[in-house]
Structure formats: C-alpha cells, structure tokens
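Observations on the model geometry
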Amino acid sequence: MAGNNILLDPLVELEPPATVSMLPQTIGWKVLLGLAVILICYYSYKKLKAWRLNRYRRDAIKALSTLNSHSKTDKIMQLNRILKQTASAAFGVTEVAGLHGGEWLTFLDKSSKIDFDSPQARLWQRALYDPKQSNEISDSELEQLIDKSRQWINQHEVSQ
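What you see is a predicted model; the values in this text were computed from it and never measured.

Parameters at a glance
Residues numbered from 1 in each chain as written. Predicted model: local features only at pLDDT ≥ 70, side-chain atom pairs only at ≥ 80, totals over all residues. Heavy atoms only, no water. Helix = DSSP H or I, 4+ residues; strand = E, 2+ residues; numbered from the N terminus. Rg over C-alpha atoms; globule rule 2.2 N^0.38 Å. Core = buried A, V, L, I, M, F, W, Y, C linked by side-chain atoms within 4.5 Å. Buried < 20%, exposed > 50% of the residue type's maximum accessible area, 1.4 Å probe, protein only. Contact = heavy atoms within 4.5 Å. pLDDT = per-residue confidence, 0-100. UniProt positions renumbered as here; feature names shortened; annotations may be inferred.

1. Concerning the overall build of the protein chain
Counting secondary structure elements, the protein chain contains seven helices and zero strands. If you list the helices and strands of the protein chain from N to C, you get α-α-α-α-α-α-α. Here the protein chain has a C-alpha radius of gyration of 32 Å; the compact-globule value for 160 residues is 15 Å, and the former is much larger. Expressed as lengths along the three principal axes of its C-alpha atoms, the size of the protein chain is roughly 110 × 40 × 20 Å.

This is how it looks when you write it as structure tokens:
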C-alpha cells in the first residue's frame, strides 16, 4: 500500500507491543487465588451436603401436597405416616417408632417451636385408632394440622 503514495514510503511499520499475560506475576496473587478456589470448593461442599441431608424434608413437603386428593380419614392416616417417616429420617427409627398419642405430640413439640399439643391434635391422634372420631375433626382443623405439619417439617431441629 505504501507503493501507491510516495509520502508513505519513508514510514516504517510499527510492531505491536508484546501481549501482556492476564495471569498474576507475583506469588502473593497466586496464593490468594488458590485460597479463593479452596474456599469456594469448601462452601460448595457444605451447601451440597446440607442439600442432600434435607432431602427427606423436600420429600415430606411433596407428600403433604398430595394430601388434598385423599378423603378425610385417609388424610388423617397419611399425615401421621408422613410425620413419622420424616421424624424417623431425622432422629432415627429407634427414637420415633414407639411414640404414639400424647408421647408423639410431646416429641413433635420438643423437636421444634411448633405447638402440636392442642385439643385438635389430640383428637387427630385418637382418630388414628378410632376412625369414627375423624368426623369430629372439621376440614379447617385438619388444614391447620397440615399447616402445622408443614411448619414442623421445615423447622424441626436435628442435633448432629
């Protein structure tokens, strides 16, 4: 192109500067980058572990959401089954399997801040063994029990 214009002939083409590396040049930055990678890996591991440990909670919430399609008697039975399975996964079968009635409600109270020991909850426990009593529980009381159960599933504290 310089041959076309005699004014450009004496100009010399400049060489571009050498590329600058984007990697840190000093050891301090490399150490800092290594520590950041280690912290990110550790935090990710802890989050993944907590997510896996809480799978039983997600499964229980999913099971609670399917209760609407059941009859009242089935809801009463299934609600107890879901809570027992959740408590067994969290606290161990040996601690939960033998609990029923007032002992079961006391356990639910002690393992979270949810107040389960109420007249409607005691009626719920009696209805498990006498289906005739399931008629004494109103639909709104049953929905309150399901909401309390959902809260318990989300908020119960497991000592690790």
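Now, onward.
2. A word on the nonpolar core
Within the largest apolar cluster, 30 residues are counted, with the highest numbers of intra-cluster contacts made by Leu83, Trp104, Phe107, Leu108, Phe116, Trp124 and Trp152. Those elements that place two or more of their residues in this core are α2 (55-65), α3 (72-91), α5 (101-110), α6 (119-129) and α7 (139-155). Ranked by the residues each element gives to this core, the list is headed by α3, at seven residues. The residues contacting Leu83, other than those within four sequence positions of it, are Trp104, Leu108, Phe116, Trp124, Ser149, Trp152 and Ile153.

3. With respect to the confidence of the model for the protein chain
Any segment with low pLDDT has predicted coordinates that should not be analysed in fine detail. Within the protein chain, residue pLDDT values average 88, and 98% of them lie at 70 or more. Across the protein chain, element-level confidence peaks in helix α1 (residues 27-53) with a mean pLDDT of 95 and bottoms out in α6 with 88.

4. Thoughts on the side chain of Asn80
As for its position among the elements, Asn80 is in helix α3. Setting aside its immediate chain neighbours within four residues, Asn80 contacts Trp104, Trp124, Gln125 and Leu128.

5. Regarding the UniProt feature "transmembrane region" (unreviewed entry) in the protein chain
According to UniProt, the positions carrying the feature "transmembrane region" (unreviewed entry) are residues 27-45. In the segment residues 27-45, helix accounts for 100% and strand for 0%; the C-alpha atoms at its two ends are 27 Å apart.

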